[in-house]
Every structure is written in structure tokens, then in C-alpha cells.
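# Architecture at a glance
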Amino acid sequence: MSEPSELQGKHIVLGLTGGIACYKSAEFVRLLTKAGATVQVVMTEAAASFITPVTMQALSGRPVVTSQWDAREPNNMAHINLGREADAIVLAPASADFIARLVQGRADELLSLTCLARPRERCPLLVAPAMNREMWSHPATQRNVAQLQVDGAVILGPGCGDQACGEVGDGRMLEPAELLEDLIAFFQPKVLAGKRLLITAGPTFEPIDPVRGITNHSSGKMGFAIARAAREAGAEVTLVAGPVHQPTPRGVRRQNVMTAQQMFDAVVPQAQQHDVFIATAAVADWRPANSAEHKIKKEGGKDVPTFELTENPDILAAVAGLSDAPYCVGFAAESERLLEHARAKMLRKRIPLIVGNLGPATFGRDDNALLLIDATSDRALPPDGGRADKLTLARALMQDIAQRLQAVNP
Ligand code: C5P
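For every chain, the first residue of the written sequence is number 1, and numbering continues from 1 along that sequence. For a predicted model such as this one, the threshold for reporting local features is a pLDDT of at least 70, and the threshold for listing and counting side-chain atom pairs is 80 or more; totals across whole chains, interfaces and linings nevertheless cover every residue. Neither water nor hydrogens contribute to the side-chain values; these are computed over all heavy atoms in the structure.

## What to know about the domain arrangement of the chain
- The split of the chain into domains comes from an automatic or database domain assignment. Domain parsing of the chain yields domain 1 (11-187) and domain 2 (196-408).
- Look at where the C-alpha atoms of domain 1 and domain 2 centre, and you get two points 40 Å apart.
- Pairs of residues are marked as contacts when any of their non-hydrogen atoms sit within 4.5 Å. Each side of the interface is counted separately: domain 1 has 6 residues, and domain 2 has 5 residues.
- Put simply, buried area is how much 1.4 Å-probe accessible surface two parts lose in total, over both of them, once they are put together. Between domain 1 and domain 2, roughly 520 Å² of surface is buried when both sides are summed, and carbon and sulfur atoms account for 44% of that area.
- Among the residues of domain 1 in contact with domain 2, Glu 181, Ile 184 and Ala 185 are the three that bury the most area, contributing 72% of the side total.

Structural data, given as C-alpha cells:
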């Protein structure tokens, strides 16, 4: 879902240290440059035993620096220049040894020297550990990682799974796409830090029999973009999703459901533990009153079956009606008279904010146009009244909601 321009204008110093995960760093550079960043690769001597500087130069489009004695730098201070120019230093992979060296403030080779010399207030350090699971879980490494965080570094991962040594466990470097998603998130303003958000997304599926059911065209893209944007903004996010084919945004807790009743049962009991509830799901209004136990057979000459429908519970109205309810945000997909219909829905459900969008022009698409409607005002996103991709809209919506929370609870 990330746009090509996500890291436009950002200059990243990518440090490689000795580890087999260096092979993933080649792909990571590709993703960084595709996202618009410029990348300066710095490698330790050990890293160059795993992947060649030639490969990294070709992919980054810049000569790799490996030595503090590199005479190409006019002032001969590569370690100072690198940190001054960077928007962030990312160490991927970061070996156990290199992490230990950072903790000690060692500076006897270019990469550790660069990390130590960086202007800390504007050049953050992000560290993606990569090592065998025994090395990762060793108290010395755990101590070092904790200290590194106290010193201001951000730790990315590590992941869990198969390791090059044949063992299985914690310590794998995150995949390049995961590193990219975390880095993009890192640069987003933390306007929802400390908040807990509960989000519904996607359609529901109401079974007629074991193989058939009633559903709709909702793709879940808007709700998943909101979950991602909320997480990027620093919130703790629970996403209750109907049947959709969307990858779970990083750091988001996802619960899958099928029916409206299941969504209701998943949402309502935990709603009061959240600060905000955003209902983006296109919940089926009705379900078959009786779902057949076995497949309804088509038998020639027999009558076409008919179904009695019964109403589904309104999840949003139920949450809004709870004592100590979270701040509730609804969505309204309309085909005409958006403002009028959406505001009526807002009043009916007794919620402070509703987001209107035009039904046929949002389902399944990557872009959208939103109208934020409260009791007294309305505001278009994007502000020019055009269209924007759903992640951009979701981020703007998070900013708006953060301001409203601030106003309600300064
Ligand atoms: O009532 P209507 O479906 O038009 O309202 C749409 C809003 O209400 C959306 O935010 C949707 O997620 C929510 N909703 C709900 N439970 C339902 C029906 C709609 O939470 N059963």
C-alpha cells in the first residue's frame, strides 16, 4: 500500500554489519530508493565478507563507504558528514557484537564512529538486530539492547522463524518490506501516542447455508489504511475484520470474524477499554433468519427457495450507547446527498463524528474522497475536494481525530 513517494526527500544512512542477513539489505536498499529515499551505504569489514560493496553501490547508486580513512572526503571527516546529512541512520543487519560496541560508545571503525558522532536531536538511530536465537536471548544481548533503547535508539524487530543456522526462534532480521513499513511509520507524527483505538473493517458474510451467503463489495482497504495510520500515529490498535484479503498492518492486533453478530460479539465487550472506536465496516443490515445446516440442493421442478431475513444488531449504535463509551466515529457510504444523509445517520446513532463517502466511488479502490461531518460543520478530505489515496486520507483523519480528542479532553 505504500506510495512511491513515502520517503521522498529523506536521506538514509544504511549501516551493514557482519551477518548473513546482509543479503536482505540488498532488497531493502531497492525498497528505500523506490520509496523515494536517497541511501548512503556504510559497511563494516565483516559486512563486506557477506555481501560486496559493489552490489550495494550498484543498488544505492552511490559508492559505499567502509573506512574512516577514506581520502575522497574533502574534509576527511566521513563520520561527521554522514550523520549531518542523514535524516536517520538505520543499522540492518545489526550484529550482537556491533550492538555491544554501540552500548560502549566504541569508535574505532567508521560505522560505530558515525553512530557516536551523529547529531542525536535530529538524526535518529534505528537498529534491526539479526542473530542466532541463543545470541539474541543471551542476557548480555538483552542488557545491551535495553541500554541502547535508554540511549535513544529505536529497535526494529527482530522477527521470529527459521534461522540460517538451522534453528528456529527469535533473532531473524525483519524482512525488507517490514523494515520499510516500520521506517515510514517512524517518520509519522505521534499524534495518538498512548491512545487505544478499536476499528472495524471489511464486509460481513451472512450464511444462507454452508456454501452460500449474503455479503457486499467492501474491500476493507479504507479500514485497514486507518488501522495502519493509527498505529503509525503511535496508537495501540485492535482491528476487527470481516472476510477480506488485506495484509495486517504491522503492529496491529487483528481479530477475524465472518458475521455481523460475530463482529458485535468481538467489539462490544472490549469497546470500553478503548479511547476511540472507528466503525468502517460495511456490516450487513440483515441476515437469513435460519441458516440451513446442509447445502440447499437445486432440484429440477421444485420451487425456488425463499429466505426470511432478520435484522443484525447495530454495532456502532450499541457502542455509542455504552456508559463510558469511547469517542465514536462512523462511516456513511451514500450514493447521493452525502451531507444530508450522513448527518442524519450521525444523529440517529448519537455519535459526534461521521465520515461520508460516495459508495460506488470507494468500494475496492485505492483512492477516495471523504467528508468529515459533525453536528455543526463539515470538512472535505483532501481539502481541495479532489481524491487522494486511502493511506493519505487515513493519516489526515487521524490528525483530525487527535485534535477532536484534545478538544474534548484537553
Ligand atoms: O446504518 P448504516 O449501515 O447506514 O451506518 C453505517 C455506519 O454504522 C458505519 O460506521 C458502520 O460500520 C456502522 N454499522 C454498524 N453495525 C451495523 C450497521 C452499521 O456498526 N449493523
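## Considering the pattern of salt bridges
- Salt bridge, as used here: a side-chain nitrogen of Lys or Arg that lies within 4 Å of a carboxyl oxygen of Asp or Glu. Tallying each qualifying case throughout the model produces 24 salt bridges.
- In this structure, Arg 101 engages Glu 109 in a salt bridge whose closest nitrogen and oxygen atoms are separated by 3.9 Å.
- The buried label goes to any residue with under 20% of its type's maximum accessible area, the exposed label to any with over 50%, and the partly exposed label to all in between, with areas taken from a 1.4 Å probe on protein chains only. Judged by its relative accessible area of 18%, Glu 109 falls in the buried class.
- With its nearest N and O atoms 3.8 Å apart, the salt bridge here joins Arg 133 to Glu 134.
- Since its relative accessible area comes to 32%, Arg 133 is described here as partly exposed.

## Observations concerning the packing of aromatic side chains
- What counts as a ring pair is set by centres within 6.5 Å for rings of Phe, Tyr and Trp (its six-membered ring), and what kind of pair is set by the plane angle: stacked under 30 degrees, edge-to-face over 60, tilted for all other angles. For the structure shown, the criterion picks out 1 aromatic pair.
- Relative to Phe 187, the ring of Phe 186 has its centre 5.6 Å away and its plane inclined at 75°; by these criteria the two rings are edge-to-face.
- By the criterion adopted, a ring carries a charge over it if an Arg CZ or a Lys NZ lies within 6 Å of its centre and within 35 degrees of its normal. Seen from the ring of Phe 187, Lys 10 lies directly overhead, with NZ or CZ sitting 4.6 Å from the centre.

## Side note on the sheet that holds strand S3 (residues 88-94)
- Two strands pair if DSSP finds at least two bridges between them. Labels follow the DSSP assignment, with helices taken as runs of H or I lasting at least four residues and strands as runs of E lasting at least two, numbered in each case from the N terminus. Within the open sheet, the 5 strands sit side by side as S2-S1-S3-S4-S5. Their pairing is parallel. A strand with exactly one partner marks an edge of an open sheet, and here the two such strands are strand S2 (38-43) and strand S5 (154-155).
- Both strand S4 (residues 125-129) and S5 contribute to a ladder of 2 bridges, which runs parallel. Considered in S5, the bridge of Leu 126 is made with Val 154.
- Across the face of the sheet, helix H9 (residues 176-186) comes into contact with strand S1 (11-16), S3, S4 and S5 while running at roughly 160° to S4. Orientation is described by lines fitted to C-alpha atoms, with helices fitted over the stretch in contact, and by angles between N-to-C directions that extend from 0 to 180 degrees.

## Here's the deal with the site of the ligand
- Near the ligand you find Ala 279, Ala 281, Val 283, Pro 313, Asp 314, Ile 315, Leu 316, Gly 330, Phe 331, Lys 345 and Lys 349, and these make up its full shell.
- Between N or O atoms, a polar contact is any pair within 3.5 Å; within protein, one atom must be a potential hydrogen donor and the other a potential acceptor, and residues adjacent in sequence are included only when both atoms are from side chains. Between the ligand and Lys 345 there is a distance of 2.4 Å, counted from an oxygen atom to a side-chain nitrogen or oxygen.
- At 2.8 Å, a side-chain N or O of Lys 349 approaches an oxygen atom of the ligand.
- For the area figures, the Shrake-Rupley method with a 1.4 Å probe applies, and any residue is considered shielded solely by the protein chains shown. Burial of the ligand by the surrounding chains reaches 86%, relative to a free accessible area of 440 Å².
- For the shell around the ligand, the secondary-structure elements that each account for two or more residues are helix H12 (315-320), strand S16 (327-334) and helix H13 (338-349).
- Under the scheme applied here, ten amino acids are nonpolar (Ala, Val, Leu, Ile, Met, Phe, Trp, Tyr, Cys and Pro), four are charged (Asp, Glu, Lys and Arg), and all others, including Gly, are polar. For the shell around the ligand, a count of residues per class yields 7 nonpolar, 1 polar and 3 charged. The cutoff for a nearby residue is simple: one of its non-hydrogen atoms must lie within 4 Å of the molecule or strand.

## Observations regarding the nonpolar core
- Buried residues of nine kinds, namely Ala, Val, Leu, Ile, Met, Phe, Trp, Tyr and Cys, make up a nonpolar core once their side-chain atoms join them within 4.5 Å. Core analysis: the biggest nonpolar cluster contains 37 residues, and Ile 226, Ile 278, Met 398 and Ile 401 have the highest contact counts within it.
- Ranked by residue count, the leading element in this core is helix H14 (residues 390-408), at 8 residues.
- Ignoring anything within four residues of it in the chain, the contact list for Ile 278 reads Leu 197, Leu 198, Ile 199, Thr 200, Ile 226, Val 329, Phe 331, Met 398 and Ile 401.
- Listed in part, the 33 residues of the second largest apolar core include Leu 31, Ala 35, Met 43 and Leu 180.

## Quick look at the packing of helix H4 (residues 78-85) against helix H6 (residues 110-117)
- At a minimum axis separation of 8 Å, H4 and H6 run at an interaxial angle of 55°. The angle between H4 and H6 falls in the class oblique. In this structure, H4 crosses over H6, and the sense of that crossing is right-handed. For the pair formed by H4 and H6, the contact residues are Ala 78, His 79, Ile 80, Leu 82 and Gly 83 on the first element and Leu 110, Leu 113, Thr 114 and Ala 117 on the second. In what follows, roughly perpendicular refers to angles from 65 to 115 degrees, roughly parallel to angles under 35, roughly antiparallel to angles over 145, and oblique to any angle outside these ranges. In a left-handed crossing the near helix is turned counterclockwise from the far helix by less than a right angle, and in a right-handed crossing that turn is clockwise.

## Considering the state of the cysteines
- Only a pair of cysteine sulfur atoms within 2.5 Å counts as a disulfide in this structure description. Enumeration over the complete set of coordinates arrives at 0 disulfides.
- Here Cys 115 is not disulfide-linked; the sulfur of Cys 123 is the nearest cysteine sulfur, at 8.5 Å.
- According to the relative accessible area criterion, Cys 115 is buried, its value standing at 3%.

## Structural notes on helix H1 (residues 22-34)
- Over its 13 residues, H1 extends 19 Å from the first C-alpha to the last, a length consistent with the 18 Å expected when each residue adds 1.5 Å.
- Among the residues making up H1, those that are buried are Cys 22, Lys 24, Ser 25, Ala 26, Phe 28, Val 29, Leu 31 and Leu 32.
- Once H1 finishes, Gly 36 follows within two positions and takes phi at roughly 105°, a positive value. By definition here, a helix of n residues has an expected span of 1.5 Å times n minus one.

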